[in-house]
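Structural overview for review
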Amino acid sequence: MGNNLVRAAICGTGSYLPENRLNNSDLEEMVETSDDWISSRTGIRSRRIAGAGEITSVLATRAARNALDASGIAADEIGLIIVATITASSAMPSCACRVQRDIGAGNAVAFDIGAACSGFVFALDMAEKYIRANPAIKALVIGAETLSNRVDWNDRNTCVLFGDGAGACVLAGADDGRGILAGRLYSDGSLGELLHLTPLAGSNPYLGDSPPAGAGVDFSLLGRGNGEGSYIKMAGREVFKNAVRAMEEVVEKVLADLGLSGDDIALLIPHQANIRILENLAGRLGGDPGKIYINVDKYGNTSAASIAIALDEAARGGRIKEGDLVMLCAFGGGFTWGAQVIRW
Ligand code: UT7
């Protein structure tokens, strides 16, 4: 390594999507909805659903193997594994420890982080800081979810939106100008109830009975735990407004940090939640829709996996060239949000 600044560079990406497809027409048979409503309000046409035995760590492991193959780095060279997920099959052992075991990465420290749909961007930020502190570390960062286990399939407000999948990347120190150039992360716990997982029956509820004071939103929109499982509840319109505002703001701040304009970005890869949010972001990059990566139509909202899957597709599909500036941008429950700019 020379004397230049060492950054965390992405040297391989991978993803894995379960084979089972659930199309809008299938959902028409399950709840009171229509292909027309789903595709016009969200842009989603299909989503993947994990099959028998495909727990989150299985998806994560397959994505990780693909990323390792692409990077040419062996599993035992990996020093750090971070899995961003809100759907680990167990809190203990973590999804990351299961991946470590299954890929044979015996030299890695492994742990999960939870930042909902922003999880992959949060995990990348953490790996970047490890690598900046010790440029010899090679990291595996994974976003993986099986949200189909956390969806109430009777609730048309949410069940049409989410899907399963995993994406991964391998990062290593580079002193040739490639790597993560800048990023910003944010959280606002005061609005957490607008998008949450209901507590499991018998568990100590994470949410209080009274809405946080002064948040200025209608919490009666949301249900409470139904005493059976833990399911996603979302006040869609409120989340939509917050997501648009937060993503626009963080994109502009990170561009300003680097003295860049939207024109300098070759490809923006936002969290894939809703086509209307993505189209709005296109306006921030000079209005060129070709600069926004979109796959929400195929996979729906895969939470922490969504940016990781999109990044892998974009890299493998030739949408990113060496030297390009790629921007990632996320918004999710918590609330959490953030963005990064990466020189490819
Ligand atoms: O991943 C983290 C970030 N998540 C997001 O960014 C998601 C943000 N939110 C959204 O994408 C949108 O708010 C949704 C797609 C969830 C909802 O779209 P919307 O245009 O905001 O609709 P709405 O929630 O305001 O509902 C409009 C109507 C309602 O009927 P009424 O009350 O106006 O009679 C809903 O009951 O649409 C109804 N509706 C449906 N109709 C048919 C809700 N879900 C469905 C459905 N099929 N699946």
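Residues numbered from 1 in each chain as written. Predicted model: local features only at pLDDT ≥ 70, side-chain atom pairs only at ≥ 80, totals over all residues. Heavy atoms only, no water.

1. With respect to the site of the ligand
Basically, it comes down to this: Throughout, the term near means that a residue has one or more heavy atoms lying within 4 Å of the molecule or strand in question. N or O atoms closer than or at 3.5 Å make up a polar contact, with two conditions inside protein: a donor-capable atom paired with an acceptor-capable one, and, for residues adjacent in sequence, both atoms drawn from side chains. Computed with the Shrake-Rupley method and a 1.4 Å probe, the accessible areas treat only the protein chains shown as cover for residues. A helix here means a DSSP run of H or I that spans at least four residues, while a strand means a run of E at least two residues long, and both kinds are numbered starting from the N terminus. Three residue categories are used. Nonpolar comprises Ala, Val, Leu, Ile, Met, Phe, Trp, Tyr, Cys and Pro, charged comprises Asp, Glu, Lys and Arg, and polar comprises the others, including Gly.
If you check the shell around the ligand, you find 24 residues, and the closest are Thr 33, Arg 41, Arg 237, Asn 274 and Asn 301. Between a nitrogen atom of the ligand and a side-chain N or O atom of Thr 33, the distance comes to 2.6 Å. Side-chain polar atom of Arg 276 to an oxygen atom of the ligand: 3.2 Å apart, as the coordinates give it. Protein contact buries 77% of the 950 Å² of open area that the ligand shows by itself. Elements with a minimum of two residues in the shell around the ligand: helix H2 (35-42), helix H6 (156-159), helix H7 (236-257) and helix H8 (275-282). The biggest single contributor to the shell around the ligand is H7, with 5 residues. Broken down by class, the residue content of the shell around the ligand amounts to 12 nonpolar, 7 polar and 5 charged.

2. Some words on unusual backbone geometry
For the record, the criterion: Using a 1.4 Å probe on the protein chains alone, a residue whose accessible area is under 20% of its type maximum counts as buried, one over 50% counts as exposed, and one in between counts as partly exposed.
The linkage connecting Met 92 with the following residue, Pro 93, adopts the cis geometry, with an omega of 0°. Omega for the bond connecting Gly 334 with Phe 335 falls within 30 degrees of zero, at -10°, which places this linkage in the cis form. The residue Phe 335 is located in the loop between strand E12 (325-332) and strand E13 (336-343) in this model. Here Ala 116, not a glycine, exhibits a phi torsion of approximately 50°, which is positive. One can find Ala 116 in the loop between strand E5 (109-113) and helix H5 (119-133). Take Ala 116: its relative accessible area is 13%, and that puts it in the buried class. One non-glycine residue with positive phi stands out, namely Ser 303, at about 50°. Inspection of the secondary structure puts Ser 303 in the loop between helix H9 (296-299) and helix H10 (306-316).

3. Overview of H5
Applied cut-off: Helix span, as expected, comes to 1.5 Å for every residue beyond the first.
With 15 residues, H5 should reach 21 Å at 1.5 Å per residue; the first-to-last C-alpha distance of 21 Å fits that figure. Every buried residue belonging to H5 is among Gly 119, Phe 120, Val 121, Phe 122, Ala 123, Leu 124, Asp 125, Ala 127, Glu 128 and Ile 131, and all of these are buried.

4. Re the nonpolar core
Inclusion rule: Residues enter a nonpolar core if they are buried and are Ala, Val, Leu, Ile, Met, Phe, Trp, Tyr or Cys, with the set joined through side-chain atoms within 4.5 Å. What makes two residues a contact is simply this: any of their non-hydrogen atoms within 4.5 Å.
Counting residues in each nonpolar core, the largest one holds 45 residues, and the members touching the most others are Met 327, Cys 329, Phe 331 and Phe 335. Mapped by element, the contributors of at least two residues to this core are H7, H8, E12 and E13. The greatest single-element share of this core, amounting to 9 residues, is contributed by H7. The contacts of Met 327, once residues within four sequence positions are left out, are Val 251, Val 254, Leu 255, Ile 265, Leu 267, Leu 268, Ile 269, Ala 339, Gln 340 and Val 341. In terms of nonpolar packing, the next biggest core, distinct from the first, is built from 35 residues, Ala 84, Phe 120, Ala 304 and Trp 344 among them.

5. Some details on the sheet that holds strand E6 (residues 139-146)
Counted only if it meets this: Strands qualify as paired when DSSP identifies two bridges or more between them. The axes used here are C-alpha line fits, helices contributing only the stretch in contact, and every angle between their N-to-C directions lies in the interval 0 to 180 degrees.
Strand order in the open sheet formed by 5 strands is E1-E7-E6-E4-E5, with mixed pairing between adjacent strands. Only two strands of the sheet have a single neighbouring strand rather than two, namely strand E1 (7-16) and E5. Taking each pair of neighbouring strands and ignoring which way they run, the sheet shows an average axis angle of 20°. The pairing of E1 with strand E7 (residues 164-174) spans 9 bridges and is antiparallel. By the bridge assignment for E7, Arg 7 is matched with Ala 174. Against the sheet, H10 touches E1, E6 and E7, its axis set at about 95° to E1.

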